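Remarks on the overall topology
Given next are the chains, with one letter for each unit.
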Amino acid sequence: MSAGREVIDLDEHNRQLTAAGSGAPDRLLARRKMAVRLVAAFVAGGLLGGFGVNELRDSREERERHASVALVAVLVSIAGGGSDVPGVLQLDGQLAVTNPGQAPMTVRSATGQGPGVLVRDTGSSRLLRPGDTGLIDVKLRLECATAFESDLLSMRFSVETGDHQVREIDYPVALVGSTLQARTEQPCARSVETD
């Protein structure tokens, strides 16, 4: 080799490309891993969010079901009929109360008052599961002259729902054409005659 001649290493260029090229696949691999992680985090977040929304909706529906109250009441039996006052009857009776709702409820009290009619429960609570019908003992006071001037008697029920909340419900009970009217016609007629 003589002075002034420069030696070119042909392998040098390949080393620089290899050194530069080895960084590019590492960065590309790191970007792909990051993208996969982001997609996985997004999918996991979506699944957890969907699950959370589902649980929240189910919980809300459960609370609404336990809080909703519906009942049907009918006077089904009457006994007694005595009184110290002419034209007034004191009676024992039973209300059949049905729970058509989807959650259990406890009927804590039942009262009703209208022209010539007073109805009060005897103080015992009654648990009614969905679809159940139970009997509630009541005391009735009827003024024979005015008791059946109204077709319906508005009854108020105090009900404890499945969420342990007490709610008041009004429900009309039929008077005209009811068992009460049929069973009190003769005692009322006798009570008025003795007047």
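What you are looking at is a predicted structure, and each value in this text was computed from that prediction instead of being measured. (Residues numbered from 1 in each chain as written. Predicted model: local features only at pLDDT ≥ 70, side-chain atom pairs only at ≥ 80, totals over all residues. Heavy atoms only, no water.)

1. Notes on the overall build of the chain
Looking only at helices and strands, the chain has two helices and eight strands in total. Moving toward the C terminus, one meets the helices and strands of the chain in the order α-β-β-β-β-β-β-β-β-α. When burial is assessed residue by residue, the chain has 25% of its 195 residues classed as buried. Taking the contacts inside the chain whose residues are at least 6 apart along the sequence as the reference set, 61% of them involve residues at least 24 apart. (Helix = DSSP H or I, 4+ residues; strand = E, 2+ residues; numbered from the N terminus. Buried < 20%, exposed > 50% of the residue type's maximum accessible area, 1.4 Å probe, protein only. Contact = heavy atoms within 4.5 Å.)

2. Things to note about the environment of Gln113
On the secondary structure map, Gln113 appears in strand S3 (residues 105–114). Given the relative accessible area of 60%, Gln113 is considered exposed. Separated by 41 residues in sequence, Gln113 and Ser154 have C-alpha atoms that sit 6.9 Å apart. Sequence-distant contacts of Gln113, defined by excluding residues within four places in its chain, comprise Leu118, Leu153 and Ser154.

3. Details of unusual backbone geometry
Here the phi dihedral of His164 falls at roughly 65°; this positive angle occurs in a residue that is not glycine. Looking at the element boundaries, His164 is found in the loop between strand S7 (152–161) and strand S8 (166–174). Judged by its relative accessible area of 63%, His164 is exposed.

4. Let's talk about the state of the cysteines
All told, the structure shown has one disulfide when counted by the stated rule. Note that Cys144 is cross-linked by a disulfide to Cys188, the S-S spacing being 2.0 Å. Disulfide Cys144 to Cys188: torsion about the S-S bond roughly -80°, handedness left-handed. Here the residue Cys144 occupies a position in the loop between strand S6 (133–143) and S7, and Cys188 occupies one in helix H2 (residues 179–193), the gap between them amounting to 44 residues. An identical accessibility class is assigned to Cys144 and Cys188; each is buried. (Disulfide = S-S within 2.5 Å.)

5. Quick notes on the pairing of S7
With seven bridges connecting them, S3 and S7 associate as antiparallel partners. Looking at the pairing, Thr106 lines up with Glu160 of S7. Taking the residues that link successive antiparallel strands as the turn, the S7-S8 hairpin has four residues, and the phi of His164 there is positive, at about 65°. (Pairing = 2+ DSSP bridges.)

6. Quick look at the pairing of S6
On S6, burial follows the alternation: Gly134, Ile136, Val138, Leu140 and Leu142 on one face are buried, whereas Thr133, Leu135, Asp137, Lys139, Arg141 and Glu143 on the facing-out side are not. As paired strands, strand S2 (residues 88–98) and S6 are joined by eleven bridges and run antiparallel to one another. Bridged to Ala96 within S6 is Leu135. Note: strand S4 (residues 117–121) against S6, five bridges, orientation antiparallel. In the sheet register, Leu118 faces S6, and the bridge partner there is Arg141.

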